[in-house]
Amino acid sequence: MRVNKISELGAGNYELYLLVRDIQTKTARNGSTYLVISFSDGRDTLSANMWDTLESSLDVKAKEIAFVSLEGKLYNSKMSYTVSSIRQTYASEGVNVTDFIPTSQVPPATLYDFCISKIDKMQNADLAALVRSIYEENKDRLLWQSAAKSVHHNKVGELLWHVARMVKMAGATADTYSFIDRDMLLAGVLVHDIGKLNELLTDEVGVTDYTRDGFLFGHALLGIEIVKKHAEKLGTPAETVRCLTHIIASHHGLREYGAIATPATAEAYAVHCIDLIDARMYIFEDALGKLDSAKFSDPIHTLEGTRIYKPDMV
């Protein structure tokens, strides 16, 4: 059966064009070699096995568009896919690789402009200058960067999508809790994940992986380094730098979750909570978009095994 999207797949045999994101060679228990191929259709991703095959025997490579034949079977209540055949595509087929790169649902340039507009409204000139300096120096990378290798905000431009939605929540939080420093909260949201620019590398087809420094240090420390570099150049007051870098150091909340410190200011705790909400809501949004009404998702390990339910509301 010919289909266009991964979401249309189920049990049975299918043919469709897909971007080959990655190819990994594995060894089965019987010693035979097989491939695990990761695909994208521009919205969803899929991994499928190709048995008794060497990567060198394929005429298609990672980061290319392929015409793929897949067989889907239900295994332990989950769909499992096997590649029956895969071939390269030709210019005459009119397939454009950019249509298969998972990208933020809002154009990254729009998200960047939104963030800059919020910086322009800050009353604290030192904070505004510091955050603007960071954003302007890294504009091109911000427009492309994803926020994760997997799980949430892992598409092109979704670091800014994550930040922009947090900015909206930060405004409501500051309106509700008047004792919070609005500008510090906003600045913290804008730069809490800035270290991901050096922790992660999002390649030309939207595949993200960790850099060497990302593995060794993590994005909190790398983000603090970025802020301090710009602060030194601008002569930002020490207490301003201290409070902003504390937000970066503590935005994961607990040390066992990767935090360098636990939140000790109201702004730091608020950024931690807002960050967690947006990460979790992304997971819910993604799961709900794939579910029919009155259905449950598979258990989601990042939600402690919760099976998300889509209500059957009229």
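Please refer to the structure higher up on the page.
Definitions and limits used
Residues numbered from 1 in each chain as written. Predicted model: local features only at pLDDT ≥ 70, side-chain atom pairs only at ≥ 80, totals over all residues. Heavy atoms only, no water. Helix = DSSP H or I, 4+ residues; strand = E, 2+ residues; numbered from the N terminus. Buried < 20%, exposed > 50% of the residue type's maximum accessible area, 1.4 Å probe, protein only. Contact = heavy atoms within 4.5 Å. Areas by Shrake-Rupley, 256 points an atom, 1.4 Å probe, with all protein chains shown as cover. Lys, Arg positive; Asp, Glu negative; His and termini not counted. Charge placed at Lys NZ, Arg CZ, Asp CG, Glu CD. Salt bridge = Lys/Arg side-chain N within 4 Å of Asp/Glu carboxyl O. Axes fitted to C-alpha atoms, helices over the stretch in contact; angles between N-to-C directions. Parallel < 35°, antiparallel > 145°, perpendicular 65-115°, else oblique. Left-handed = near helix turned anticlockwise from the far one by under 90°. Pairing = 2+ DSSP bridges. Core = buried A, V, L, I, M, F, W, Y, C linked by side-chain atoms within 4.5 Å. Expected span 1.5 Å × (residues − 1). Polar contact = N/O pair within 3.5 Å; in protein donor to acceptor, adjacent residues only side chain to side chain.

Caption draft 1: Main features of the overall build of the protein. The helix and strand inventory of the protein stands at ten helices and nine strands. When the backbone C-alpha atoms are referred to their principal axes, the protein occupies close to 60 × 45 × 40 Å. A burial count over the protein gives 46% of its 314 residues as buried. Considering only residue pairs separated by 6 or more positions, the protein has 55% of its internal contacts joining residues 24 or more positions apart. Split by element, the accessible area of the protein, about 16,400 Å² in all, is 51% carbon and sulfur. Each charge sign in the protein was given a centre, from 33 positive and 41 negative side chains, and these centres are 2 Å apart.

Caption draft 2: Just the pattern of salt bridges, in detail. Overall, the coordinates contain 15 salt bridges when judged by the stated rule. Close ionic contact of lysine 290 with aspartate 44 constitutes a salt bridge, the shortest N to O distance being 3.7 Å. Taken together, the residues lysine 290 in the loop between helix H10 (266–288) and strand S8 (295–296) and aspartate 44 in the loop between strand S2 (33–40) and strand S3 (45–50) connect sequence positions 246 residues apart. Classification of aspartate 44 by relative accessible area gives buried; the value is 6%. Taking the shortest distance from any N to any O, the salt bridge between glutamate 239 and arginine 242 comes out at 2.5 Å. In this pair, glutamate 239 and arginine 242 both sit in helix H9 (residues 238–250), three residues apart, roughly one turn of the helix. Three or more residues are tied together by salt bridges with common partners; here these are Arg43, Asp44, Asp286 and Lys290.

Caption draft 3: The packing of helix H4 (residues 158–176) against H10, seen in detail. Here H4 crosses H10 at 125 degrees, and the two axes come no closer than 9 Å. One element, H4, and the other, H10, form an angle in the oblique class. In the crossing of H4 with H10, the sense of the turn from one axis to the other is right-handed. In this structure, H4 contributes Glu158, His162, Arg165, Met166, Met169, Ala170 and Thr173 to the contact, and H10 contributes Ala270, Val271, Ile274, Asp275, Ile277, Asp278, Ala279, Tyr282 and Glu285.

Caption draft 4: Looking closely at the packing of helix H2 (residues 125–137) against helix H8 (residues 219–234). Closest axis-to-axis distance for the H2/H8 pair is 9 Å, and the angle between their directions is 115 degrees. Relative to H8, the crossing made by H2 is right-handed. Between H2, through Ala129, Leu130, Ser133, Ile134 and Glu137, and H8, the contact on the second element is made entirely by Ile226, Val227, Lys229, His230, Ala231, Lys233 and Leu234.

Caption draft 5: Summary view of the pairing of S2. Of all the eight residues making up S2, six are buried; the element is thus mostly covered by neighbouring parts of the structure. Inspection of the sheet shows strand S1 (residues 12–27) paired to S2 by eight bridges, in the antiparallel sense. Across the sheet, the residue bridging to leucine 19 is serine 40, located in S2. A loop of five residues connects S1 with S2, the two strands running antiparallel in sequence, and glycine 31 in this loop sits at a positive phi of about 90 degrees. Note: S2 against S3, six bridges, orientation antiparallel. If you follow serine 38 over to S3, its bridge partner there is serine 47.

Caption draft 6: Summary view of the nonpolar core. Counting residues in hydrophobic clusters, the biggest one holds 47 residues, and the most contacted among them are Tyr135, Leu142, Val163, Leu185, Leu190, Val191 and Leu244. Contributions of two or more residues to this core are made by helix H1 (108–120), H2, H4, helix H5 (182–191), H8, H9 and H10. Per element, the largest residue contribution to this core is nine residues, and it comes from H4. Setting aside residues no more than four positions away along its own chain, leucine 185 makes contact with Ala170, Thr173, Ala174, Ile180, Glu267, Ala270, Val271 and Ile274. Counting residues in hydrophobic clusters, the runner-up holds 22 residues, among them Val3, Val60, Leu70 and Val83.

Caption draft 7: Up close: H2. Along its 13 residues, H2 runs 18 Å from first to last C-alpha, staying within 8% of the 18 Å computed at 1.5 Å per residue. Three or more residues of H2 are buried, namely Leu127, Ala128, Leu130, Val131, Ser133, Ile134 and Tyr135. For H2, the elements touching its buried residues are H1, helix H3 (139–144), H4, H5, H8 and H9. Capping the start of H2 is the job of one residue whose side-chain oxygen sits 3.1 Å from the backbone nitrogen of aspartate 126: asparagine 124.

Caption draft 8: The arrangement of the pairing of strand S4 (residues 65–75) in detail. Sheet analysis places S1 next to S4, joined by eight bridges and oriented antiparallel. In the strand pairing of S4, leucine 16 is matched with valine 68. With ten bridges connecting them, S4 and strand S5 (residues 78–88) associate as antiparallel partners. Paired with phenylalanine 67 across the two strands is arginine 87, which belongs to S5. Hairpin connection from S4 to S5: two residues lie between these consecutive antiparallel strands, with asparagine 76 at a positive phi of about 55 degrees.

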